[in-house]
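Coordinate inspection notes
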Amino acid sequence: MPEDTVSRMPTGIASLDPVLNGGVIPGSLILLLSDIGAGSAEFAYTSLISHSRMGESPATGYVVPEEIRYISITRTKEDIVREITSSFKGDLTSGIPGKVAFSDLSGGYFDRSIVPATWYDSQEGIIARMQRKKAENDNILSDLIGELGAGKKNGLVVIDSLTDLAGLHTDPLRWKNLVAFLHGLQRVAKTWNTTILLHLARGIVDPSRELEICDAADAVILFQWEESSAQRRQRTMYFLKFRGVMPYLEERDLVKFAVKISDATGFEVANIRMVI
């Protein structure tokens, strides 16, 4: 692997970036596939926190995103910021509100559901909702495409979550559109040189459909719970695939890790575990 010629965007996780030879390849579409509560959210939060605190002049060969974005399908900015600030110490999270651009697509998501507008819409108003409902090719993927296209290039984007989108695309035609969207997103991420993190809860969609989603991504990081020898649950992180990086990792048996979450440092790789 040409380690000295490939730029890296740090994940911002200090214990992981050295394992990845400095970080991920910019322009990667990275799927965070996770058991419930196994650490994918904290992985993304720690990355956002670290990038919001990074300086403007990284070391040679490393890329700092020009824009950090968090696009939510069902949650508000206030809800997300509250979760981050309550999970980690204040000196870590102080840069989040000013450095991370939040986009909330929940209005469009809930407009297409039975949820009453009074539960989610306190500001937008009925006229804007009607205009959105009448929009040509009206669907949540169109909303997401519009938000992605409005962002700056050379960035870092978290989309929370693919689980919500999958729930709206269960019939065959809609599912085909979702998969086509993911393949298109994987392609355009290279043009934009923007790294994109996608959340997907494990076991939500059928195994064959989960594999289709994994196939569309450049990298798939699996977060799961395992039973330790002391019969205690242990979070683990496992690289299922990583285009352009996997041979480097496998040569060094750096594929599976025990991880932990700390309120002082965020997501951490606790120790390296070899694949058996």
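The name given to the protein chain in an unreviewed UniProt entry is KaiC-like domain-containing protein, with Methanocalculus chunghsingensis as the source organism.

1. Comments concerning the packing of aromatic side chains
For the structure shown, the criterion picks out seven aromatic pairs. On the numbers, 5.9 Å between centres and 80 degrees between planes, the contact of Phe223 with Phe267 is edge-to-face. In this pair, Phe223 is assigned in strand E6 (residues 219-227) and Phe267 in strand E9 (residues 266-273), connecting sequence segments 44 residues apart. You can call Phe267 buried: its relative accessible area is 2%. Put simply, the rings of Phe43, Phe223 and Phe267 touch in pairs and so form one group of aromatic residues. Arg233 extends its terminal NZ or CZ atom over the ring of Trp225, reaching a point 3.8 Å from the ring centre.

2. Here's the deal with the environment of Ala216
Considering the arrangement of structural elements, one finds Ala216 in helix H10 (residues 207-216). Separated by 34 residues in the primary sequence, Ala216 and Leu182 place their C-alpha atoms 6.0 Å from one another. If we skip the residues at most four places from it in the chain, Ala216 touches Leu29, Leu182, His183, Gln186 and Arg243.

3. Some words on helix H9 (residues 172-192)
Between its first and last C-alpha, H9 extends 30 Å over 21 residues, near the 30 Å set by a 1.5 Å rise per residue. Every buried residue of H9 is accounted for by Trp175, Leu178, Val179, Phe181, Leu182, Leu185, Gln186, Ala189 and Trp192. Check the buried side of H9 and you find it contacts strand E1 (29-34), helix H7 (140-150), strand E4 (156-160), helix H8 (162-167), strand E5 (195-201) and H10. Capping the start of H9 is the job of one residue whose side-chain oxygen sits 3.2 Å from the backbone nitrogen of Leu173: Asp171.

4. Quick notes on the packing of H7 against H9
At their nearest, the axes of H7 and H9 sit 12 Å apart, and the two run at 5 degrees to each other. In terms of orientation, H7 lies roughly parallel with respect to H9. Here Leu141, Leu144, Ile145, Leu148 and Gly149 of H7 come into contact with H9, specifically with Asn177, Leu178, Phe181, Leu185 and Trp192. For the contact of H7 with H9, the per-class residue count stands at eight nonpolar, two polar and no charged.

5. Some points on H10
The set of residues buried in H10 consists of Arg209, Glu210, Ile213, Cys214 and Ala216. Down the axis of H10, the buried side of the element spans an arc of 160 degrees, and every buried residue falls inside it. Opposite the packed face of H10, turned more than 90 degrees from it, sit the exposed residues Pro207 and Leu211. At its buried positions, H10 is contacted by E1, H8, H9, E5, E6 and strand E7 (233-242).

6. Regarding the packing of H9 against H10
Running from amino to carboxyl end, H9 crosses H10 at an angle of 20 degrees, the nearest separation of the two axes being 8 Å. It follows from the interaxial angle that H9 and H10 lie roughly parallel. The element H9 and its partner H10 pack so that their crossing is right-handed. Between H9 and H10, the residues in contact are Pro172, Trp175, Val179, Leu182, His183 and Gln186 and Arg209, Glu212, Ile213, Asp215 and Ala216, respectively. Looking at the contact of H9 with H10 residue by residue, the classes come out as six nonpolar, two polar and three charged.

7. Digging into the pairing of E6
It is a general feature of regular strands that their side chains alternate between the two faces of the sheet. Where burial is concerned, most of E6 is hidden: seven out of the nine residues are buried. Pairing geometry for E1 and E6, over five bridges, is parallel. Counted as the bridge partner of Ser34 is Phe223 from E6. Here E6 pairs with E7 via nine bridges, running antiparallel. Paired with Glu227 across the two strands is Arg233, which belongs to E7.

The rules behind each value
Residues numbered from 1 in each chain as written. Predicted model: local features only at pLDDT ≥ 70, side-chain atom pairs only at ≥ 80, totals over all residues. Heavy atoms only, no water. Phe/Tyr/Trp six-rings, centres within 6.5 Å; stacked < 30°, edge-to-face > 60°. Helix = DSSP H or I, 4+ residues; strand = E, 2+ residues; numbered from the N terminus. Buried < 20%, exposed > 50% of the residue type's maximum accessible area, 1.4 Å probe, protein only. Lys NZ or Arg CZ within 6 Å of the ring centre and 35° of its normal. Contact = heavy atoms within 4.5 Å. Expected span 1.5 Å × (residues − 1). Polar contact = N/O pair within 3.5 Å; in protein donor to acceptor, adjacent residues only side chain to side chain. Axes fitted to C-alpha atoms, helices over the stretch in contact; angles between N-to-C directions. Parallel < 35°, antiparallel > 145°, perpendicular 65-115°, else oblique. Nonpolar A, V, L, I, M, F, W, Y, C, P; charged D, E, K, R; others polar. Arc of directions from axis to C-beta. Left-handed = near helix turned anticlockwise from the far one by under 90°. Pairing = 2+ DSSP bridges.

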